[in-house]
Amino acid sequence: NTRLPKELPAEIIINNCYRYFSNGGHYTEIPAVKAKSATNYGMYGFVSSSKYITKADLSNIKEISGNRPLDAAFKNCSALNYIKIGWKQWAKPSSLSQSWVEGVSSSGTFVIPKDAEFDPESIRGVNGIPEGWEVKYYNPDNPDDVRNNKEDFYPQEINTILESIITGEELDNMDDLL
């Protein structure tokens, strides 16, 4: 039985920071990742070849940059079927995340911020979002608020208008909401 820390405390993940988790262990979920950024081979081989891991929450990581920060992070984690990320930009996946999800489950859920600045369909494959996985979206202000489409997140003003229509209440000042 492998015991893992409750949280991974590094502020920045750099240079194989947590590679010692790879190749073994019977854990099913990675510890909470505190870091806000990953850079320069930071997560190289992070939990690669861990056969039991099913869930990876990387929603605290807001930036990936430098030289291949996610290389092989989850490579051959055959049970992995859920990943949640926090970064909103993902340019050139092959230079940032080489084979990071190669060998994961053939189906799963990949959750991205609702305001992600990349098209999830444009980064399908072992260097991005696994083929066959469903993409969902979450509200960074309320990370438990996960929805099937980013269009499902209406601005608060629209929610207020819709709520008043549904309840039949009059709005105090419609101009303030528009």
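Residues numbered from 1 in each chain as written. Predicted model: local features only at pLDDT ≥ 70, side-chain atom pairs only at ≥ 80, totals over all residues. Heavy atoms only, no water.

## Brief notes about the pattern of salt bridges
Counted according to the given criterion, the structure contains four salt bridges. Asp-71 is the partner of Arg-68 in a salt bridge, and the nearest nitrogen-oxygen pair spans 2.5 Å. In this structure Asp-71 comes out as buried when scored by relative accessible area, which is 2%. Where Asp-145 meets Arg-147, a salt bridge forms, and the shortest distance between an N and an O atom there is 2.9 Å. (Salt bridge = Lys/Arg side-chain N within 4 Å of Asp/Glu carboxyl O. Buried < 20%, exposed > 50% of the residue type's maximum accessible area, 1.4 Å probe, protein only.)

## Observations concerning the packing of aromatic side chains
Inspection of the entire model under this criterion finds 10 aromatic pairs. The interplanar angle of 80° and the centroid separation of 5.6 Å between the aromatic rings of Trp-87 and Trp-90 together place this pair among those described as edge-to-face. With respect to class, Trp-87 is no different from Trp-90; both count as buried. When the ring of Trp-90 is compared with that of Trp-100, the centres are 5.7 Å apart and the planes differ by 75°; the resulting orientation is edge-to-face. Within this pair, whereas Trp-90 is found in the loop between β7 (82–85) and α1 (93–96), its partner Trp-100 is found in the loop between α1 and β8 (108–113), the two being separated by 10 residues in sequence. For the pair shown, Trp-90 and Trp-100 are each scored as buried. In this structure, Lys-55 packs its charged tip against the face of Tyr-82, placed 5.4 Å from the ring centre. (Phe/Tyr/Trp six-rings, centres within 6.5 Å; stacked < 30°, edge-to-face > 60°. Helix = DSSP H or I, 4+ residues; strand = E, 2+ residues; numbered from the N terminus. Lys NZ or Arg CZ within 6 Å of the ring centre and 35° of its normal.)

## Description of the confidence of the model for the protein
Averaged over all residues, the pLDDT of the protein equals 83, while 83% of them reach at least 70. Mean pLDDT values for the elements of the protein range from 51 in helix α3 (residues 174–177) up to 98 in β8. (pLDDT = per-residue confidence, 0-100.)

## Re the pairing of strand β9 (residues 133–139)
With five of its seven residues buried, β9 lies for the most part within the structure. Bridge count for β9 against strand β10 (residues 142–147) is three bridges, and the pairing is antiparallel. By the bridge assignment, Tyr-137 is partnered in β10 with Arg-147. Linking β9 to β10, which pair antiparallel, is a turn of two residues. (Pairing = 2+ DSSP bridges.)

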